[in-house]
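# Structure at a glance
The residues making up each chain are set out below.
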Amino acid sequence: MIEWILGITILIIVLFLLFIFFGYYNRIIRLENRIDNSWAQIDVQLKRRSDLIPNLMETVKGYMKHEKETLENVTKARAGLMTAKTPQESITADNMLTGALKTLFAVAESYPDLKANQNFLNLQDELTNTENKIAYSRQHFNDTVLSFNNIVETIPGKWFAGFMNKKARDMLQIPDADRAVPKVAF
Amino acid sequence: MEKQLLMEDHIRKNKRDTVVICMLMIILLFSVIFAIGYILGLPPIFATAIGLPIALLYVGITFSFSVQSVIAAAKARPANPNNRNEKILIYKIEDMAIASGLPTPKVYVQDSKDINAFATGKKPEDSIICVTTGALELLNNEELEGVIGHEMSHIKNRDILVATVTVAVVGAIALLAEIALRSLLWGGGGRGKKGEGQIILLVIAIFFIILAPIFSRLVYLAISRRREYLADANGAYLTRNPEGLAKALEKIKADVIEQPRGSKTVAPLYIANPFKRALKNSIWSTHPPIDERIKRLRSM
């Protein structure tokens, strides 16, 4: 009789532990997939943004003949974005592009003809739009990384994560230098 | 973790409420049909055989067309990307969808001078956000973003399912009451002779007329004030900017409505009640008082 009770108790405990293990396993994998997916979202926007730049250059070229440096900075920043390899590199490069574009749009203020160009206005809207989208997808990426890290770094999730060989992920940071308002030279 | 669990509980409760409302509706319709059968002297089995399929079918149709009926009642139309204001709205909704990690809802616009917005749909994958043209004109980017964040949170919390279905059910009941009343008036236009059929219709009409307000109360409970505070807080979390929504609510409060549009049954869906600006806190108000919402947003 005693053996029976003992046996059933052990069985229940084992089943219980197994149940918890499955729960954590699935949650960790699900969050990891969500992180990958939200990175894919950022990547789509970054790609779209760099595709818009040649159009912008084409539109602006005719008007801004004396702003060689401003235009070159944008092209350079785009090239940086195209060659970035890691997510953090892409975000840093994109931030430089944002700065360069900000200067370009500020300079554009002094070209009334350009400001009246419908194509330019559309591109400006589009670029601001992708910029916001990148900011929000970065925010969502970091939110997801936070919930992943909260599980992976707290007990008992930490034990399961160690067993599954999963480590805490890095959030995407905005480099400090680029956070400053870009200088506008006329 | 705790927040996550709370959210899951909230979503589960919303799904349960939807089932309860549909069940109530089925029981209600079935009992009416059963009562007619009883009065006409039909055997109970016969009344059941007819009544149950009709009740199930009716509720099924109301459920599946709930989104369309809400859109129709609000007289909303899909946003036009060639209009700059509406294009910006589409962008903002895409932004908030990204921030919340949900699929992008369809964007609708309601032509109205009022500043308002609502979200509807049965699940996040198939949802709609509708904003009035007044809101597009009078709110700046930051404020519009706050409003969209609030609506996006309703979608994320699955508030839209229970709200939309309840609104559709109330609409359906109001319709039934009207049909019963109309046929009563039409039938009563004769020589004042009162047949058995007319008495039945009278009973049904009174039944539905009594029921409609009770179901409206249900809507008010379904879209409880707690859900609004929660959507405000989650919306502020999405935009990382509680001030945007707070400013938008201030504008809504100050805005004098010339002619509120849309039907009264849809009212609880909106970000702020378009018919009465609920400044006082009453048990039956669909939304918490705006001042209290602004205060809570500012203290975040």
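See the structure shown above.
Predicted model, so just to flag it, every value in this text is computed and none were measured.

### A look at the overall build of chain B
If you tally the helices and strands in chain B, you get eleven helices and four strands. In chain B, which comprises 300 residues, the share counted as buried stands at 49%. Pairs at least 24 residues apart make up 72% of the contacts formed inside chain B by residues separated by at least 6 positions. About 14,800 Å² of surface is accessible on chain B, with carbon and sulfur atoms providing 64% of the total.

### Description of the pairing of strand β4 (residues 127-132) of chain B
Residues and elements named next belong to chain B. Within β4, six of the six residues are buried, leaving the element largely enclosed by the surrounding structure. Residues S127, I129 and V131 line one face of β4 and the alternating positions I128, C130 and T132 line the opposite face, and both faces are buried. Of the pairings in the sheet, the one linking strand β3 (residues 117-121) to β4 comprises five bridges and is antiparallel in character. Paired with A119 across the strands is I129, a residue of β4. Following β3, the chain reverses through five residues before pairing antiparallel with β4.

### Topic: the pairing of β3 of chain B
β3 of chain B sits mainly inside the fold: five of its five residues count as buried. The side-chain alternation of β3 of chain B yields two buried faces, one formed by A117, A119 and G121 of chain B and the other by F118 and T120 of chain B.

### Remarks on the environment of M96 of chain A
Residue and element names in this part refer to chain A. In this fold, M96 is placed in helix α3 (residues 87-108). A relative accessible area of 48% means that M96 is categorised as partly exposed. The sequence separation of M96 and G80 amounts to 16 residues, and the corresponding C-alpha distance is 8.7 Å.

### Some remarks on the interface of chain B and chain A
Of the residues lining the interface, 17 residues belong to chain B; the matching set on chain A comes to 15 residues. In total, about 1,400 Å² of surface goes out of reach between chain B and chain A, with carbon and sulfur atoms giving 45% of it. If you look at where chain B meets chain A, you find five salt bridges. With a closest N to O distance of 2.8 Å, K133 of chain A and E94 of chain B form a salt bridge. Here chain B is connected to chain A by eleven residue pairs in polar contact (both at pLDDT 80 or more). Residue composition of the side of chain B that touches chain A, by class: seven nonpolar, three polar and seven charged.

### Digging into a nonpolar patch on the surface
On the surface, M1, W4, I5, I8 and I12 of chain A cluster together into a nonpolar patch covering about 620 Å² of accessible area. Positionally, I5 of chain A belongs in helix α1 (residues 2-61).

### A closer look at the packing of α1 of chain A against α3 of chain A
Residue and element names in this part refer to chain A. Put simply, α1 and α3 touch, their axes get as near as 11 Å, and they point 30 degrees apart. Overall, the two elements α1 and α3 adopt an arrangement that is roughly parallel. For α1 against α3, the interelement crossing comes out left-handed. Each of W39, I42, L46, R49, I53, L56, M57 and V60 in α1 lies in contact with α3, whose residues at this interface are P87, S90, I91, D94, L97, T98, L101, L104 and F105. Residue composition of the contact of α1 with α3, grouped by class: 13 nonpolar, two polar and two charged.

### Things to note about the packing of α1 of chain A against helix α5 (residues 118-153) of chain A
Residue and element names in this part refer to chain A. Running from N to C, α1 and α5 cross one another at 160 degrees; their axes reach a closest spacing of 9 Å. When the axis of α1 is compared with that of α5, the two are roughly antiparallel. Regarding α1 and α5, the two cross each other, and that crossing is left-handed. When the residues that make up the contact of α1 with α5 are grouped by side-chain class, the tally is 19 nonpolar, twelve polar and nine charged.

### Digging into the sheet that holds strand β2 (residues 106-110) of chain B
Residue and element names in this part refer to chain B. Pairing is mixed in the open sheet, where four strands are placed in the order β1-β2-β4-β3. A strand with exactly one partner marks an edge of an open sheet, and here the two such strands are β1 (76-78) and β3. On average, each strand axis in the sheet is tilted by 30 degrees relative to the strand beside it, whichever way the strands run. Along the sheet face, helix α4 (residues 84-100) touches β1, β2 and β4 and points at about 140 degrees away from the line of β2.

Conventions and cut-offs
For every chain, the first residue of its written sequence is number 1, and the numbers climb from 1 along that sequence. Throughout, the order in which chains and ligands are written sets their labels, letters from A for the former and numbers from 1 for the latter. With pLDDT at 70 or above as the cut-off, local features in this predicted model cover only qualifying residues; side-chain atom pairs require 80 or more to be listed or tallied, and sums for whole chains, interfaces and linings still use all residues. Only hydrogens and water are removed before side-chain values are computed, so all heavy atoms of the structure are retained for them. Helix and strand definitions follow DSSP, with helices as H or I runs of at least four residues and strands as E runs of at least two, each counted in order from the N terminus. When accessible area is computed with a 1.4 Å probe and restricted to protein chains, residues below 20% of their type maximum are described as buried, those above 50% as exposed, and intermediate ones as partly exposed. In this description, contact between two residues means that some pair of their heavy atoms is separated by no more than 4.5 Å. Here the accessible surface of atoms and residues is derived via Shrake-Rupley with a 1.4 Å probe, and residues count as covered only by protein chains that are part of the display. DSSP-based pairing: two strands are paired if at least 2 bridges between them are found. Summed over both partners, the accessible surface that disappears when two parts come together, traced with a 1.4 Å probe, is what is meant by buried area. In what follows, salt bridge is the name for a side-chain nitrogen of Lys or Arg lying within 4 Å of a carboxyl oxygen of Asp or Glu. In the analysis that follows, any N or O atom pair within 3.5 Å is treated as a polar contact, provided that within protein one partner can donate a hydrogen and the other can accept it, and provided that, for residues neighboring in sequence, both atoms belong to side chains. For this scheme, ten residues count as nonpolar: Ala, Val, Leu, Ile, Met, Phe, Trp, Tyr, Cys and Pro. Four count as charged, namely Asp, Glu, Lys and Arg, and the remainder, Gly too, count as polar. For patch detection, residues must exceed 30% relative accessible area and be free of salt bridges, and they are connected within 9 Å for like charges or within 5 Å for nonpolar side chains (Val, Leu, Ile, Met, Phe, Trp, Tyr). Lines are fitted to the C-alpha atoms to define the axes, a helix being fitted only along its stretch in contact, and any angle between axes, read from their N-to-C directions, falls within 0 to 180 degrees. Orientation labels follow simple angle bins: below 35 degrees gives roughly parallel, above 145 gives roughly antiparallel, 65 to 115 gives roughly perpendicular, and whatever is left gives oblique. By the definition used in this description, the sense in which the near helix is turned from the far one sets the handedness, with an anticlockwise turn below a right angle giving left-handed and a clockwise turn giving right-handed.

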